[in-house]
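# Residue-level structural notes
One letter stands for each residue in the lines below.
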Amino acid sequence: MNESTRAAEVPGPVSVNDLTLRVATVNGSGSQTANNTLLRALFHMGLPVSGKNLFPSNIAGLPTWFTIRVSGDGYVAPKRDVNVLVCLNPASAEDDVRSVPPGSLVVYEETLRCERYRDDVVLVAVPFQKLVKEVCEPVALRKLVVNMIYVGVLTELIGIEVAEVKQALDKAFAHKPKALGLNRDAVRAGIEWVRENVSRVSPFRVERMARDEDLILVDGNTAAAVGCVFAGVTVLAWYPITPSSSVAETVAHLGERYRRDPETGETTLAVVQAEDELAAVGMVIGAAWAGARSMTATSGPGISLMSEFVGLGYFAEIPTVIVNVQRTGPSTGFPTRTQQGDLLSAANLSHGDGRHPCLYPSDPHEAYEFAMAAFDLAEGLQTPVFVLSDLDLGMNLWMTKPFEYPEEPICRGKVLDAEGLAKMEDWGRYKDVDGDGVPYRTLPGGADGVGAYFTRGSGHDAYARYTEKGDDYIATMQRLALKLETAKSRVPEPVLDGPGTAVGLLAFGTSHHAVVEARDHLRDELGIETDYLRLRAFPFTDSVREWIEAHERVYVFEQNHDGQMRRMLTMEFPSLGARLHSVLHYDGLPPDARSVWEPIALDAVPSVKGGA
Amino acid sequence: MAGPKTNRIGLPVTDYRGVSSTLCKGCGHDVISNTLTTALYEMGVEPWRVAKMSGIGCSSKTPAYFLGPAWGFNSVHGRMPSVATGALLANRTLIGLGVSGDGDTASIGIGQFVHMVRRNVPFLYVVENNGVYGLTKGQFSATADEGSRLKDGTVNDFAPIDICTLALELGATFVARAFSADRKQLIEILKAAIAHEGFAVIDVMSPCVTFNNHVGSTRSYDYGRNHEGPIHEFGFVPAWDHPEVGGGGEDTFDVPMPDGGTIRVQRVGRAHDPRDKGAALRLLHEDAESPEYLTGVFYVRAGKPPLPQFLKMVEEPLATLPEARVRPTRETLAEINESYR
Ligand SMILES: Cc1ncc(C[n+]2csc(CCOP(=O)(O)OP(=O)(O)O)c2C)c(N)n1
Ligand code: SF4
Ligand SMILES: [Mg+2]
C-alpha cells in the first residue's frame, strides 16, 4: 500500500455493481459537468444508475452533494449509506467523512486531512490542488477543471471504463474543443495519479453489464418540456421558480429550434416571461380562450398565486395545462428540496367548489407522456389540468425509455367552426349536448362573425348569459361535476402489481422507486408479500376503488407530512377510509426503500422492531 | 323602402349595441359605453373581430353593454391585462379592447397594467376613472386625489396614481385623458385610439353618481365641468375620409396614423403637440400640481412593434394552425432521443 492510502482493518470482499457514490463540493464550483460525466459513463457501461443532486438555495458558496447509485439489481431510489465519498468541500468534510459506514472508500483533497476523523475507512488523500496546477495553466479555470481530476481518480479506483468517460466528455464538450482538451487532461491526471500512488484495490467496484433495453438518460423537466412541444403547445407564459424553471426554458429553447420558420423567422410558439404567476396563468387562460394550446410551469408558491385564475378556468371552462414541479413547502419551505406536497391544493385549487384533474408521472418517460396527454385532456374536458411532477423527477437525471412519437393526432376537443356551428341546433356555449358534461365551444375571431359569446367568471347559464338564478347555478355546478366523472374514463389508469394478498401498498409519482425496492425487501428479507397500486391520476378511476376494496390494509406512501393522498382517497371513498394507513416521508430528500419498508414492517410484524 | 342606416361595412348601429345596462342612472360609465358604440360604428370596426376584455367592477361590467356581436371576457379583478395579453398573442387578427376601473387598474391591477404597457400589447385600454370602488360601495381607489372627500366626510390622505403619467413613462405610445361628459372630445380620441397600432390608454373621468358625485369630490360631474382644461382640440379623420384632409389652416397640424387615418390637432388652449413626449410629461406634472383636469391626447407615436410582432408570431390565429406546424416531426423526436443516449 502506498503512503497516501491508509487502509482500515476492514478488508472484506470487493463489492461489485452495488455502490453509492457521493461527491461533496461547494455550490457554484462547476462540479455538475464532472458528476454528469461520471453518471453518463456508468450508464454507458450498461449499469443501472441514478443521480441525485442535493443543492442549497444559493448561487455559490454553500455545500452541495451529488450522489450516484449503481445498482446491479436495477434499483434507482437513493440509499442512505454512502460507500464511496469524494470530499472537496472544507466546510462539510468532517461531517461527510464521519457519516459514511466503516469500510467505505473516502477520497479527499489532501490538505483537508480527513485522516483525522476516521481510521475505519479506506482513505485516499489526493493532491487535487497540486494536480490541477499541472494540467490547467489558466488560473481562473482551475476551480472548474479540478472536478475532472476526481472523475479520473474514481475512474481508476472503482473501475469505470476510460473509453466511456472519454465519450461522455466528448458529448459534454462537443462544441468547446479547448475545454475538452483541458478536461481530458484533468481526467488523465487523476487516472495516472491513482496508478502511481494507490496500490490497494477499492472495496467497491463496477463492471460492465449487458442491457437489453433501449434507455436514455434525461431529467423529468426536459422530458415534460419535450412532451409539451410535441403536444403542439402554442402559448407558454411563466415566471421563474425552482425547480420548474427548466420546463419553461426547455420549451422555449425547443420552440426556437423547432417551431420557428427558418425562412420567415416566424414562430408558432409564443413565450412570455410574465411578471408573476398571476399574470402567467392569466395569460395562458386568455390564450386558451382565444384558441391557443397553452401552458405554464411553476412550483408551490406559484400555485398559490394562481389560485383565483384556476377557479376562473374551471368555472368559465377554459382548458390549460399547469406543470407543477413540487418542492418542499409550505411557504418558501426548502426551495431546492423535493416533496409531494401540493396534492390537495392542486386538486382543489381556488375558492368555491371545484376539483381539477391531476396527473402524477413517476419517471421522465411518463413526464413526457403525461405532459402531452394533459393538453388533450384539458381541451377535451375544457378545464385546467395539472401535471404534478416534483424536484426529484424534474431536476435529476433518470434512466428512462426513449420518448415515443405520438401515434394519435392532436385532439382539440369539442371546438366548433362555422360549419360545425351551422349544424348545431340551438347552440349554447355551456349546454351539455352529449351527456358527458362537456359543452361545445367556439373560438374568438372567426372571420364569419358567428359563435361569439360572453365569457365570465360570474354566474352564467347554458347560453353564457349572466344569471343570478339558483337553478341556473345548480345546473352549472352539476354539469361541472359530471365533467369530473367523464374525466375518470380519460385519465391514465393505475398500474397494478402483486400476487393478490391482503396487504396493499399505494404510491404515486417518484415515491414509486422506493416502493419497488421496499417491496422486494419486505418479501425477500421479511417474508411480507404486498400488492401494489401505482396511482397515476386524479380523479380516481373505478379500478382504484376496487383495488382498495380488495385489500384489508392499504399503506399509502407519500412524500408529505399531512398524508394528503390518503385524505384525498378518504374524501373520494369515505367508506374505505379506515383501511388506509399513511406511510410518510418528508425530509425534503427523495425517499429510500427503508422509509417505506420499515414502518410497514413494524406495523405488520411488531416483532421486527429493533431487528432488521 | 330604405333599410336602416348602416356604416361603411354595411352594419346598422344596433350591431354595435349590447344588452341594456344595469348600472345606476347617470353613471359616467354608461356614457362611455354609448360613446364607444358610436366610435366603433363610425369606424366600421368588424364586431366579430373584437375581443372585449375587462376585470371586475361596475366599469368592468360594461363590455356587455356595447358591441353585442363581439367576443367578451369579463375576467378577474385587476387581471384583465394578462388575459388580454394571452388572447392577443393567440390570435393576432383580434382587435383588443378593454374596459377597466380605477380600482381594477391602479389598485389591485397596477402590476399587470404596467407590464402590459411595457410589452406594448396591441390593445385599447379604457379606464373608467371615478376615484372610488363603485361596485363595493364607494371606498377610495388609488387614483383618488389627496384631500378629496368621500360622502361620509372621510378624507383621502394619499397622493393619487396618475395613469397617464405612469403609462407615458413606461413607454406607452398612445396616452390620452378625457371626461365622460365631454363626448365630443371622447369620441375623437376613441377613434384615433382604435386606429392606433400598439398599446393605447385613455383615462376617462367617469363620475360615480352614487358614491362620488358630491361636493368635496374631485371626480364629480361639477368638478369635471368646472376644471376640465383641454390641451388642444383633437380630431380624427379616418383613412377612408382622407381626401378631405388638407387645408387645416395655420392653427392646425396633422399627425398621420399607420392605418392611413389622420389626427388633426387644433392649437387651442395649450396647443399641445401630441408627438412631443417631453412636453406631455411637463403638462402632466403641471396638472398634478393644479386643480385643473387636463384632457386631450398627451402622446402618440407610431412604429413601435406591438408584442406579437416583436415576438415574430405567425400572422394566422394559433388555433387553426395545422398539426404539421405545431407538432415537430418524428425525425426531430428521434434526434432529441439521440441527444440523451
Ligand atoms: C380579488 C378581489 N378582491 C376584491 C373584489 C371586490 N371588488 C369588486 S369590484 C371592486 C372595485 C372596483 O373598483 P373599480 O375598478 O374602480 O370599478 P368601479 O366599480 O368603480 O367602476 C372590488 C374591490 C374582487 N372582486 N376580487
Ligand atoms: S355605483 Fe357608481 S360606478 Fe357603479 S354603477 Fe353606480 S354610479 Fe356607476
Ligand atoms: Mg372606480
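Quick notes on the rules
Residues numbered from 1 in each chain as written. Chains lettered and ligands numbered in written order. Predicted model: local features only at pLDDT ≥ 70, side-chain atom pairs only at ≥ 80, totals over all residues. Heavy atoms only, no water. Buried < 20%, exposed > 50% of the residue type's maximum accessible area, 1.4 Å probe, protein only. Helix = DSSP H or I, 4+ residues; strand = E, 2+ residues; numbered from the N terminus. Pairing = 2+ DSSP bridges. Near = heavy atom within 4 Å. Nonpolar A, V, L, I, M, F, W, Y, C, P; charged D, E, K, R; others polar. Expected span 1.5 Å × (residues − 1). Bend = angle between axes of the 7 residues up to and from the residue. Phe/Tyr/Trp six-rings, centres within 6.5 Å; stacked < 30°, edge-to-face > 60°. Lys NZ or Arg CZ within 6 Å of the ring centre and 35° of its normal.

## Description of the pairing of strand 24 (residues 531-535) of chain A
Residues and elements named next belong to chain A. The buried fraction of strand 24 is high, at 5 of 5 residues. What you see with strand 24 is no split at all: Asp531, Leu533 and Leu535 on one side and Tyr532 and Arg534 on the other are buried throughout. As defined by bridge partners, strand 22 (residues 495-497) adjoins strand 24 across 3 bridges and the pair is classed as antiparallel. Note on strand 24: the bridge partner recorded for Leu496 is Leu533. Relative to strand 24, strand 23 (residues 503-508) runs parallel, the two sharing 5 bridges.

## Things to note about unusual backbone geometry
All names here are of chain A. Cis geometry marks the peptide bond from Thr242 to Pro243; its omega dihedral reads 5°. Structurally, Pro243 is set in the loop between strand 11 (235-238) and helix 8 (245-258). The omega angle of the peptide bond from Gly329 to Pro330 is 0°, so this bond is cis rather than trans. Locating Pro330 in the fold gives a position in the loop between strand 14 (320-328) and strand 15 (334-338). Even without glycine at this site, Glu317 takes up a positive phi of about 65°. Mapped onto the secondary structure, Glu317 falls in the loop between helix 10 (300-316) and strand 14.

## As for the site of ligand 2
Around ligand 2, the neighbouring residues are B:Leu23, B:Cys24, B:Cys27, B:His29, B:Cys58, B:Asn130, B:Gly134, B:Cys208, B:Val209, B:Thr210 and B:Phe211. Of the residues contributing to the shell around ligand 2, the split by class is 7 nonpolar, 4 polar and no charged.

## A word on helix 10 of chain A
Residues and elements named next belong to chain A. For helix 10, built from 17 residues, the straight-helix expectation of 24 Å at 1.5 Å per residue is met to within 8% by its first-to-last C-alpha distance of 24 Å. Of all the bends in helix 10, the largest measures some 55° and sits at Ser307. Within helix 10, 13 of the 17 residues are buried, which leaves it mostly tucked inside the rest of the structure. Immediately downstream of helix 10, the backbone of Glu317 shows phi near 65°, a positive value.

## Comments concerning the packing of aromatic side chains
Across all of its chains, the model carries 14 aromatic pairs over all chains by this definition. Between A:Phe540 and A:Phe573 the ring centres are 6.0 Å apart and the planes differ by 45°, which places this aromatic pair in the tilted class. Placement of the pair is A:Phe540 in the loop between strand 25 (537-538) and helix 17 (542-549) and A:Phe573 in the loop between helix 18 (564-572) and strand 27 (580-584), with a sequence separation of 33 residues. Using a relative accessible area of 6% as the deciding quantity, one classes A:Phe573 as buried. Its guanidinium or amino end placed over the ring of B:Trp240, B:Arg8 lies 3.6 Å from that ring's centre, counting from NZ or CZ. One cation-aromatic arrangement involves B:Arg177 over B:Tyr293; the distance from NZ or CZ to the ring centre is 5.1 Å.

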